[in-house]
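Fold and contact review
One-letter residues, chain by chain:
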Amino acid sequence: MEYNFLEIERSWQAFWANNKTFKVETDPSKPKYYVLDMFPYPSGAGLHVGHPLGYIASDIYSRYKRLKGFNVLHPMGYDAFGLPAEQYAIQTGQHPAKTTEKNIERYREQLDRIGFSFDWTREVRTCDPDYYKWTQWAFLEMFAHWYNKKSGKAEKIEELVKVFACEGNAGVEAACGDTDIFTAAQWNSFSVEAREKILMEYRIAYLGETSVNWCAALGTVLANDEVKEGLSVRGGHPVEQRKMRQWQLRVSAYAERLLNDLDELSWSDSLKDMQRNWIGRSQGAEMVFRVFNGSKEYNLDIFTTRADTVFGATFMVLAPESEWVEKLTTEDQKGAVEEYTKYAKKKTERERMAETKKVTGVFTGSYAINPFTNEKIPVWISEYVLAGYGTGAIMAVPAHDSRDYTFAKHFDLPIIPLIEGCDISQESFDAKEGIMCNSGFLNGFTVKQAIPAAIEEVEKLGIGRRKVNFRLRDAIFSRQRYWGEPFPIYYKDGIATPMELKDLPLELPEVDKFLPTEGGEPPLGRAENWTFGGYPVEKSTMPGFAGSSAYYLRYMDPRNSEALVSKDANNYWRDVDLYIGGTEHATGHLIYSRFWNKFLFDLGFVCEKEPFKKLINQGMIQGRSNFVYRVKGTNKFVSLGLKDKYDTTEIHVDVNIVSNDRLNIDAFRAWMPEYADAQFELENGEYICGWAVEKMSKSMFNVVNPDMICEKYGADTLRMYEMFLGPLEQSKPWDTNGIDGVHRFLKRFWRLFFNKDTFEVSNEQATPAELKILHRLIKKIQEDIENFSFNTSVSAFMIALNELYELNCNKKAILEPMVILISAFAPHIAEELWSRLGNPGSVSFAAFPEYVEKFTIEDLFEYPVSFNGKLRFKLTLSILLNAKEIEAAVLADENTQKYLGAGSIKKVIVVPKKIINIVC
RNA sequence: GCUCGGGUGGUGGAAUAGGUAGACACGCAGGACUUAAAAUCCUGUGGGCAGAAAUGUCCGUACGGGUUCGAUUCCCGUCCCGAGCACCA
């Protein structure tokens, strides 16, 4: 009987849907396991064959865990707010909710065809008011809390207010913005506005002036991870720096915890490194320099990691945006400085990056005193100093910092070497090694000794202190867009006032157009009566990462109208055991989500301090493009092997009309009108196409649609082939060419259960040889799945099948366990065979077959290799026997004795896992 | 520039607490079945040399060294490819 995959897959998908096979409930009697995919943004283009890779892997793992007796939570939903839908709405006038709904429908159809074991009763959509109610709620909680550095967690702002009223803020150690010190008496005398202004500096969600990535084409600000090389990730529009008053999240308060807690996570080292790099902890010192502009004196703070090099600080540099620029610019220099700051301001991020080598700067006219040498040193301004890092000002040590070096050379400033024997004639000496010189009390110290010694001295002199700085900035949380979560904030007499939980969700209002208003306000400015209690409501919306930051919590209890997640549900499901998704979220979603979780953890709403215990990054699936070669100036196409004989143009051709790199000529002629009368020069009667690996995209004509693969080969083939393609975490091109092999395997597997057209399996007992095949497979599949080495498990299935064919084995005792094993990979065919074997219900909850070592010692000696009196045996199976048993077995083995000569063995050394050494 | 990965047949890739390199699959070649096609099955397939053949032999895991009885695997250096960060003081 034919393997009718279309019929089998259709009927079992219906079975799963009708029986809600994969619906889960909290069940304290069973261990939980939570497998999560990064939910997709439903784009209009639908899924291509690369998208499901991670979903297939997570589905295999989920199914495996179910077989192992776990209560598996495996949900799916949609990250439905986003720019493309809004851009599309601007162009067509269609409401983004409508296009999003349509796209979701298409995604669902495509996903359903692949046979995933999602619990769809838990589906969430970030654009659903019942969902974003809790996004807004979390924001309100952040608004109502501040970060106490003493207790190391978020605390209620009301408590802070009480402290202010009793003691002022001098004793408060908070992660906060710039605030002056005030006493209790002062606080109590402040106006409501003044108090609110101060509190805003403490809130975890706060409104503040900041330099943002402004994208004029999109009319909105973007997060750093939404900008790549000065262009917006979505759309590729230019992005510039601008100062704006925006909602922000005080992510930086959590920098230390975000960094430290990485250690306990089972994430790849490269991903952890990316986050460490992004958080960017650096240890050093903050130091005060006396500066004077001729009339007035100030204390200027700088940050350095090289306090040991103070003796070589021959000038200072301010960032052009620094507030110090105004204070320190003298009359003489005013014109030059203004010109320079204007120049620096109008430069876009992109231009700055392109010109990193160019040295620019201007002298302020002011001087500072080097606190160690007491020398008078000039204060300059240059764009190579960043306003957002440290204090926006540095002490420049040209001898030992390459940036300071180029600057000093360019403007002819003095360079003093501080390390014995270092050569600074061509470049600076940046390495932290060597013996100090020209450095007063530090002379003779190694650099490693000098750094702490210098900081100690600085602290002793009272001109500075130890300081840790982070690169991680607060997250900018406002977007001047329509299609996002509205802020539950209104402005009462100009004061940002939170709504209450009972007022949520604050739903998106209808607008006539999705463009900014003529007055430059965000699209919500078009909403009629966008007020709350008569007061105007915040007009910006939340960014894309808002809705995705806590969705894994919502899945635990998706229909709860009282809380984001109930205590019970959270205490049962706790955290995500396995998270699979792309590496592109390393510094965006995966940081914000961890921050969000930690915040809710501080407040006691969630019980785990980290959301994602284990994380796997699936590789990207690239496209494999095909080419035809047109002879220039003609409509003649020559096959790959002949193209060098002509002057040809390489033209992309739709991969769907090419098979095994052979062009379907009729389909090509029908593909585009201009090729209707194309001429061909063939090789051996065929047109061979060239190929290359490129990004999968419409313009390269290399997009392969999973629906098409399911139609032609079936979902089970698609699933197994995607895994067979190569290691999960590696990027690799999609190549439909190899899919026949996997499809053939499934057909052969199917036939094993049939005698001609009748389903027929033998009830005979299995032989040891057959059992060996089965148990080796069980062991291999189990190990492979746990190591996420799915490509080698597909191979293992193929090998086992070949061996069973050789033995002509169709015994139920062997085949039934194999059906269970394969059900994680190819669930449809497994269900069908499972039911034909006479089992009721779904194979999904069968027990994973148990591996039993049933083999004799003879099995161990397949490959003797001798060398220098040592004899080694490679074992095909790992040994559960202990060393003594093996030694006895080797000594008793006839073949070994014969091979080596009786009595010649002196010692048997067992190396774990693979090798036995026999010393003669 | 810094950080992290990775270089194995015509192709995707197996094999690393050092031990038969190239499993499995694609492709290709030959064959069987067929009026034909599809499907299916069988055989061969890293390279060189010798041989009618079985087979033998040498070379082969980016390149050059090293450790070792033995290196795709470990160490040092070089080259190339990919990813991330990029004036972070």
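What comes next concerns the included structure. Everything numeric here is computed off the predicted structure, so don't read it as measured data.

Let us look at the overall build of chain A. Along the backbone of chain A there are 29 helices and 38 strands. Considering only C-alpha atoms, chain A reaches an extent of 100 × 80 × 75 Å along its principal axes. Every one of the 920 residues in chain A was classed for burial, and the buried ones make up 53%. Expressed as a percentage of contacts within chain A between residues at least 6 apart in sequence, the contacts between residues at least 24 apart total 71%. Each charge class in chain A was averaged separately, 110 positive and 127 negative side chains, and the resulting centres sit 2 Å apart.

On to the nonpolar core. Trp247, Leu249, Phe477, Met720, Phe753 and Phe825 are the most contacted members of the largest nonpolar core, which totals 183 residues. The biggest single contributor to this core is helix α5 (residues 129-143), with 9 residues. Leaving out residues up to four positions away in the same chain, Phe825 has contacts with Ile60, Arg719, Met720, Ile781, Ile785, Phe790, Ser793, Val794 and Phe797. If you look at the next biggest cluster of nonpolar residues, it comprises 43 residues, including Ala307, Val379, Val447 and Val458.

What follows covers the pairing of strand β16 (residues 393-396). Across the two faces of β16 the burial is the same, with Ala393 and Met395 and Ile394 and Ala396 all buried. Bridge count between strand β13 (residues 315-318) and β16: 4 bridges; the pairing is antiparallel. Each residue of the ladder has a partner; that of Met316, found in β16, is Met395.

The full count for this structure, using the stated rule, is 74 aromatic pairs. Relative to Trp324, the ring of Tyr298 has its centre 5.6 Å away and its plane inclined at 85°; by these criteria the two rings are edge-to-face. Of the two residues, Tyr298 sits in strand β12 (residues 297-304) while Trp324 sits in helix α11 (residues 324-328), which places them 26 residues apart along the sequence. Of the residues examined, Trp324 reaches a relative accessible area of 13% and is grouped as buried. With a centroid separation of 5.6 Å and an interplanar angle of 40°, the aromatic rings of Tyr340 and Tyr343 are classed as tilted. Residue Tyr340 and its partner Tyr343 are both found in helix α12 (residues 334-346); the two are separated by 3 residues, about one turn of the helix. What makes Tyr343 partly exposed here is its relative accessible area of 22%. Directly above the aromatic system of Trp16 lies the positively charged group of Arg63, at a separation of 4.9 Å from the ring centroid. Directly above the aromatic system of Tyr367 lies the positively charged group of Lys376, at a separation of 4.5 Å from the ring centroid.

Below, the discussion takes up the pairing of β12. Strand direction decides the pairing type here: strand β11 (residues 282-292) and β12, joined by 8 bridges, are antiparallel. Paired with Ala285 across the strands is Thr304, a residue of β12. Here β11 hands over to β12 after 4 residues, with Gly294 in that stretch at a positive phi of 100°.

On to the pattern of salt bridges, then. Counting across every chain of the model gives 51 salt bridges. Among the salt bridges present, the one from Glu86 reaches Arg481, with a minimum N-O distance of 3.2 Å. One end of the pair, Glu86, is in helix α3 (residues 83-92); the other, Arg481, is in the loop between β18 (475-476) and β19 (489-492), with 395 residues separating them in the sequence. Take Glu86 and Arg481: they sit in the same class, and that class is buried. Among the charged side chains, a salt-bridge network with shared partners connects Asp261, Glu264, Arg594, Lys598, Lys609 and Glu610.

Turning next to the sheet that holds strand β10 (residues 240-249). With respect to topology, 4 strands assemble into an open sheet ordered β7-β6-β10-β18, the strand pairing being antiparallel. A single partner strand is all that each edge strand has here, and the edge strands are β7 (220-222) and β18. Judged from the 3 bridges that link them, strand β6 (residues 205-215) and β7 form a sheet pairing that is antiparallel. In the sheet register, Cys215 faces β7, and the bridge partner there is Thr220.

Assignment of secondary structure puts Asn370 in the loop between β14 (362-369) and β15 (376-381). Judged by its relative accessible area of 0%, Asn370 is buried. In terms of polar contacts, Asn370 uses its side chain to reach the backbone amide nitrogen of Thr373, at 3.3 Å. Setting aside its immediate chain neighbours within four residues, Asn370 contacts Phe289, Val310, Phe311, Ala313, Glu375 and Ile377.

Let us now look at the sheet that holds strand β4 (residues 153-156). With respect to topology, 3 strands assemble into an open sheet ordered β4-β3-β5, the strand pairing being antiparallel. Taken across any chain shown, the strands that pair with only one partner, and hence form the sheet edges, are β4 and β5 (174-175). Pairing analysis gives 2 bridges linking strand β3 (residues 145-148) to β5, with the strands arranged antiparallel. Note that in β5 the partner of Tyr147 across the bridge is Ala175.

A separate point is the environment of Gly54. Of note, Gly54 is situated in helix α2 (residues 52-67). Using a relative accessible area of 2% as the deciding quantity, one classes Gly54 as buried. Taking the C-alpha atoms as reference points, Gly54 and Ile616, 562 residues apart in sequence, are found 8.9 Å from one another. In this structure, Gly54 is in contact with Asp37, Ile580 and Gln618, ignoring residues within four places of it in sequence.

So, on to helix α8 (residues 192-200). Residues of α8 that are buried: Ile198, Leu199 and Met200. Here the buried face of α8 lies against α5, α6 (157-167), α7 (184-189), β6, β10 and β20 (495-498).

Here we take up unusual backbone geometry. Here the bond from Leu504 into Pro505 is cis, since omega is -5°, no more than 30 degrees from zero. Note on placement: Pro505 falls in the loop between β20 and β21 (531-532). The backbone of Asp493 sits at a positive phi, close to 50°, despite the residue not being glycine. Its place among the elements puts Asp493 in the loop between β19 and β20. Note on Asp493: relative accessible area 61%, which makes it exposed. The residue Phe701 is not glycine, and still its phi comes out positive at about 55°. Relative to the helices and strands, Phe701 resides in the loop between β31 (690-694) and α21 (706-712). Its relative accessible area of 30% is what places Phe701 among the partly exposed residues.

By secondary structure assignment, the location of Ser191 is in the loop between α7 and α8. Separated by 440 residues in sequence, Ser191 and Val631 place their C-alpha atoms 81 Å apart.

Definitions and limits used
Note that residues are indexed from 1 along each chain, following the sequence as it is written. To label them, take the chains in the order written and letter them from A, then take the ligands in the order written and number them from 1. With pLDDT at 70 or above as the cut-off, local features in this predicted model cover only qualifying residues; side-chain atom pairs require 80 or more to be listed or tallied, and sums for whole chains, interfaces and linings still use all residues. Working from all heavy atoms in the structure, the side-chain values ignore hydrogens and water. Here a strand is any run of E in DSSP of at least two residues, a helix any run of H or I of at least four, and the numbering for each starts at the N terminus. A 1.4 Å probe rolled over the protein chains alone gives each residue an accessible area, and that area as a share of the maximum for its type sets the label: buried under 20%, exposed over 50%, partly exposed in between. Two residues form a contact once any of their heavy atoms are found within 4.5 Å. We count Lys and Arg on the positive side and Asp and Glu on the negative side, and we leave His and both chain ends out. The atom standing in for a charge is NZ when the residue is Lys, CZ when it is Arg, CG when it is Asp and CD when it is Glu. What is meant by a nonpolar core is a set of buried Ala, Val, Leu, Ile, Met, Phe, Trp, Tyr and Cys residues, joined one to another through side-chain atoms within 4.5 Å. Between any two strands, pairing holds if DSSP finds at least two bridges. What counts as a ring pair is set by centres within 6.5 Å for rings of Phe, Tyr and Trp (its six-membered ring), and what kind of pair is set by the plane angle: stacked under 30 degrees, edge-to-face over 60, tilted for all other angles. As a reminder, the over-ring test applies to NZ of lysine and CZ of arginine, requiring each to be within 6 Å of the ring centre and within 35 degrees of the ring normal. Each reported salt bridge corresponds to a side-chain nitrogen of Lys or Arg within 4 Å of a carboxyl oxygen of Asp or Glu. Polar contacts here mean pairs of N or O atoms no more than 3.5 Å apart (in protein, one a potential hydrogen donor and the other a potential acceptor; neighbouring residues in sequence count only if both atoms are side-chain atoms).

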